[in-house]
2 protein chains.
Amino acid sequence: MKTVVLKFGGTSVGNIERIKKICKIVSSYKKKKFKVLVVSSAMSGVTNDLINKSKKISDNFDTAEYDALLSSGEQISCALIAGQLNHIGIKSRSWQSWQLPIITEGPHKNARINNIVVKNLKKFLGIGGVPIITGFQGVNKDFRLTTIGRSGSDATAIMLAKFIKADECIIYTDVDGVYTTDPRDHNKAKKIKKIYYDEMLEMASLGSKVMQPSSVQDAKLNNIEIKVKSSFINKTGTSITASKKDFSNQIITGISSTKSNAKITIVGVKDRPGVAASIFEPLSKNLINVDMVVQNISLDGKETDLTFTIKSEDLKKTEKLIKQNKKISYKKLSFDRGVSKVSIIGVGMITTPGITYRMFQALASKKINILVISTSEIKISVLVSARHVKKAVAALHKEFKLD
Amino acid sequence: MKTVVLKFGGTSVGNIERIKKICKIVSSYKKKKFKVLVVSSAMSGVTNDLINKSKKISDNFDTAEYDALLSSGEQISCALIAGQLNHIGIKSRSWQSWQLPIITEGPHKNARINNIVVKNLKKFLGIGGVPIITGFQGVNKDFRLTTIGRSGSDATAIMLAKFIKADECIIYTDVDGVYTTDPRDHNKAKKIKKIYYDEMLEMASLGSKVMQPSSVQDAKLNNIEIKVKSSFINKTGTSITASKKDFSNQIITGISSTKSNAKITIVGVKDRPGVAASIFEPLSKNLINVDMVVQNISLDGKETDLTFTIKSEDLKKTEKLIKQNKKISYKKLSFDRGVSKVSIIGVGMITTPGITYRMFQALASKKINILVISTSEIKISVLVSARHVKKAVAALHKEFKLD
């Protein structure tokens, strides 16, 4: 008998009708003789409502109480799912994180799952029951509730799959899989059937919102194969799996793009050791994420130009921080709000030469100027004018035969 | 240093503004050097919303999951209270029932508190902290969440006061105390400063909605003095306390009345042993509560008339059940929808003769006809026509010097 962990996100359990619907999905696995465990997020809207309540009290709301507050959301959804399953004749019960327990370590609001005690779950599976487990939370060594940050329920499902030794871990969400590029912007986007952890990690950190990078990392570290599927329509989803060196002919798996970045160039910076650190230190302290960085080669060894990108919304703050910075001297600051990053991702590029050239050539043929380039082993990113981003993605999608 | 348990009801924590207000009450006790513990209900509306969700799934929603579902309400309110207290500089933390634990026994939805482990609460009080404890719930021996029925948070506060050996237990609610009669109907109603458990029990079971009888009974059994106060206006409330035989001159403490009862008379019932049981058995099985019962003396030993009262809304069902009942034979059924029960309550009547006479005389002087009479040690109830109930309460309020 195979064991499967099904994880349902907030929109999948967003109201009673949807809860009834996902219980039918659970039922279909039971009919196929699976041992089924469910991990659920809070009903969509509930967590935000609780966060808003805490904000009405304080922006520095006590973090331990914040976790106690937010944990109630999954308690509600899990009790409702278990109630519905019992109602339709499937033996089920909810387990709150402290009842197993799910043991976490690390700070409140951002804890990590250390262990999940599965003894009672196994017993319940043994008598044909379907355990419903609260996602996103656990208890620390002081037996206080902790939450595990954004996308926490995915992490709960992945860790549960690990500790229960599940054969499958399926993430049910409001999209039906991972696409070659954003299907809302590009009508030629295609669903990816199989993607490797590292590719998904690049996709995830480049803005594909299907899964948080930390969850993909958890799956990779524990070698848990994940499927991403829609809880609304019954279609094959996307498998996220380990690279097994059986590369297909597909070199590039997906293309991602950002919408609104800003590019900053500091012209004529006095070039001395540690100048980049002096520039970026105050930004980092203010939680401004610097993405692509290019430093021109300083020909005379005295001055250099430094270009980097940030999120558009951070531009004002960044400008202020640079102007206040007394550790650096420069000639001029210049800004460009309207830039976007376009990236091609695929493990295939490790073994296939000439990808960079093909990328640049495809963009050049459409008269798209490349402003900045950055690369990793399985990814090439270029910065282009935001007004060219759709055209760029389309050109690359065609060039790498994803259409 | 005195220890006080403060209990806040659902309306008292109904929104963030109100939570801020009750935290000022907590602060005032801290300034008076009290050791303070708080028990809170769920924010008003939250529990009903959760119940409605469960009903959308099933009217027979799994009771264990129902308790898990509803328990989330107090987790939310308690985390918010603790968050606000920390925000205004008062060291505080919330304790969910399972963290102490609060141990219950008995069935789901209707468990009873057996024990509260107060070790960690004492430690926290010792360092000046204010513990916030979830009312209405506990965990059973299987470590599953249980709820303790209507008015459960009052019971939590009273049991906590017992186990922590508190000097005071104050029930903060949306009324400012217990009144001699319903102040919405009678403008001469006065707040009672002190009322004995037994009187309060009679008041409570006769429809005064301030406290549930079971909570008053808990307080009586454990000899916990309760104060009922308003969380909205700062006024002396009502103390509910043990009878100490130091009766004041006040003979009658309060007057209660019901709004809509129905009186049923079964005329010419064949009088044989067990006939009353035969009549009431099907009513009891259908959860119809029979209140006052009068059986005429059967002069010939063959036939008798039986009169009893029920809630008006139960009249149709009751009529049907009697007509279906094949164990009894009778001549006629008669109904009176428009009746009310008026009761005077006071431990003073035990030692003061002539109260019954004064009551009947006061009603007679206003030409109010008494339909049925029933008495207990500290209570006399009469059934009158519903259109006379206001006049009757006013007359009795004056007669027993409550004006």
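This one's a predicted model, so the numbers in the text were calculated from it and none came from an experiment.

A.B. asks: Can you walk me through the overall build of chain A in this structure?
C.D. replies: Counting secondary structure elements, chain A contains 11 helices and 19 strands. Relative to a compact globule of 403 residues, whose C-alpha radius of gyration would be 22 Å, chain A shows 24 Å and is just as compact. Expressed as lengths along the three principal axes of its C-alpha atoms, the size of chain A is roughly 75 × 50 × 35 Å. Residues classed as buried in chain A amount to 47% of the 403 residues present.

A.B. asks: Whenever I open this one, the packing of helix α2 (residues 46-57) of chain A against helix α3 (residues 63-87) of chain B confuses me. Can you help?
C.D. replies: Two numbers describe a pair of packed helices, the interaxial angle and the distance between the axes. The geometry of α2(A) relative to α3(B) is characterised by a closest axis approach of 9 Å and an angle of 25 degrees between their N-to-C directions. Considered as vectors, α2(A) and α3(B) are oriented roughly parallel to each other. In terms of crossing hand, the pair formed by α2(A) and α3(B) is right-handed. Mapping the contact onto sequence places Leu50(A), Lys53(A), Ser54(A) and Ile57(A) in α2(A) and Ile76(B), Leu80(B), Gly83(B), Gln84(B) and His87(B) in α3(B). Classifying every residue of the contact of α2(A) with α3(B) gives four nonpolar, four polar and one charged.

A.B. asks: Honestly, the interface of chain A and chain B in this entry has me stumped. Any pointers?
C.D. replies: Frequently, the measure chosen for interface size is the accessible area removed from exposure when the parts meet. The partner chain B presents 29 residues to the 28 residues of chain A that form the contact. For the side of chain A that touches chain B, the elements supplying multiple residues, two or more each, are α2, α3 (63-87) and β3 (92-95) of chain A. Top element by residues in the side of chain A that touches chain B is α3(A). It accounts for 14 residues.

A.B. asks: What should I look at first to understand unusual backbone geometry in this one?
C.D. replies: Glycine aside, residues mostly have negative phi, and peptide bonds are mostly found in the trans state. Residue and element names in this part refer to chain A. The residue after Leu 100, namely Pro 101, is reached through a cis peptide bond having omega -5 degrees. Relative to the helices and strands, Pro 101 is located in the loop between β3 and β4 (102-105). Non-glycine residue Lys 33 carries a positive phi angle of around 65 degrees.

A.B. asks: Help me out: how do you make sense of the domain arrangement of chain A in this one?
C.D. replies: Taken as a whole, chain A is organised into domain 1 (3-174) and domain 2 (256-399). Placing a centre on the C-alpha atoms of domain 1 of chain A and another on those of domain 2 of chain A gives a separation of 39 Å.

A.B. asks: Would you explain the sheet that holds strand β2 (residues 35-40) of chain B in this entry?
C.D. replies: Backbone hydrogen bonds are what pair the strands of a sheet, in a parallel or an antiparallel way. All names here are of chain B. Strand order in the open sheet formed by eight strands is β3-β6-β2-β1-β9-β11-β12-β10, with mixed pairing between adjacent strands. On the outer flanks of this sheet lie β3 (92-95) and β10 (194-196), each paired with one strand and no other. On average, each strand axis in the sheet is inclined to that of its neighbour by 25 degrees, with strand direction left out of account. Both strand β11 (residues 226-230) and strand β12 (residues 238-241) contribute to a ladder of three bridges, which runs antiparallel. Within the sheet, the bridge partner assigned to Ile 226 lies in β12 and is Ile 240.

A.B. asks: Explanation requested: the pairing of strand β1 (residues 3-8) of chain B in the structure shown.
C.D. replies: The side chains of a regular strand alternate between the sheet's two faces. Residues and elements named next belong to chain B. With five of its six residues buried, β1 lies for the most part within the structure. Note: β1 against β2, six bridges, orientation parallel. Looking across to β2, one finds that Phe 8 is bridged to Ser 40. Following the chain from β1 across helix α1 (residues 16-31) to the adjacent parallel β2, one finds a crossover that is right-handed. For β1 and strand β9 (residues 168-173), the ladder comprises five bridges, and the chain directions are parallel.

A.B. asks: Would you mind showing me how to read the sheet that holds strand β9 (residues 168-173) of chain A here?
C.D. replies: All names here are of chain A. As summarised here, the arrangement of the eight strands in space is β3-β6-β2-β1-β9-β11-β12-β10, forming an open sheet in which the pairing is mixed. The two strands at the open ends of the sheet, each matched to only one other strand, are β3 and β10 (194-196). Averaged over neighbouring strand pairs, the angle between their axes works out to 25 degrees when direction is ignored. Sitting on the sheet, helix α6 (residues 197-205) touches β10 and β12 (238-241), and the angle it makes with β10 is about 85 degrees.

A.B. asks: Looking at this model, I keep getting lost on the environment of Cys78(A). Mind explaining?
C.D. replies: All names here are of chain A. Its place among the elements puts Cys 78 in helix α3. Taking the C-beta count within 10 Å as the criterion, Cys 78 has 31 such neighbours and is therefore assigned buried. As a C-alpha pair, Cys 78 and Thr 134 span 56 residues in sequence and 6.2 Å in three-dimensional space.

Reading guide: rules and limits
- Residues numbered from 1 in each chain as written.
- Chains lettered and ligands numbered in written order.
- Predicted model: local features only at pLDDT ≥ 70, side-chain atom pairs only at ≥ 80, totals over all residues.
- Helix = DSSP H or I, 4+ residues; strand = E, 2+ residues; numbered from the N terminus.
- Rg over C-alpha atoms; globule rule 2.2 N^0.38 Å.
- Buried ≥ 20, exposed ≤ 12 C-beta atoms within 10 Å, placed from the backbone.
- Axes fitted to C-alpha atoms, helices over the stretch in contact; angles between N-to-C directions.
- Parallel < 35°, antiparallel > 145°, perpendicular 65-115°, else oblique.
- Left-handed = near helix turned anticlockwise from the far one by under 90°.
- Contact = placed C-beta atoms within 7 Å.
- Nonpolar A, V, L, I, M, F, W, Y, C, P; charged D, E, K, R; others polar.
- Domains from an automatic or database assignment.
- Pairing = 2+ DSSP bridges.
- Right-handed = clockwise from strand over helix to strand, strands pointing away.

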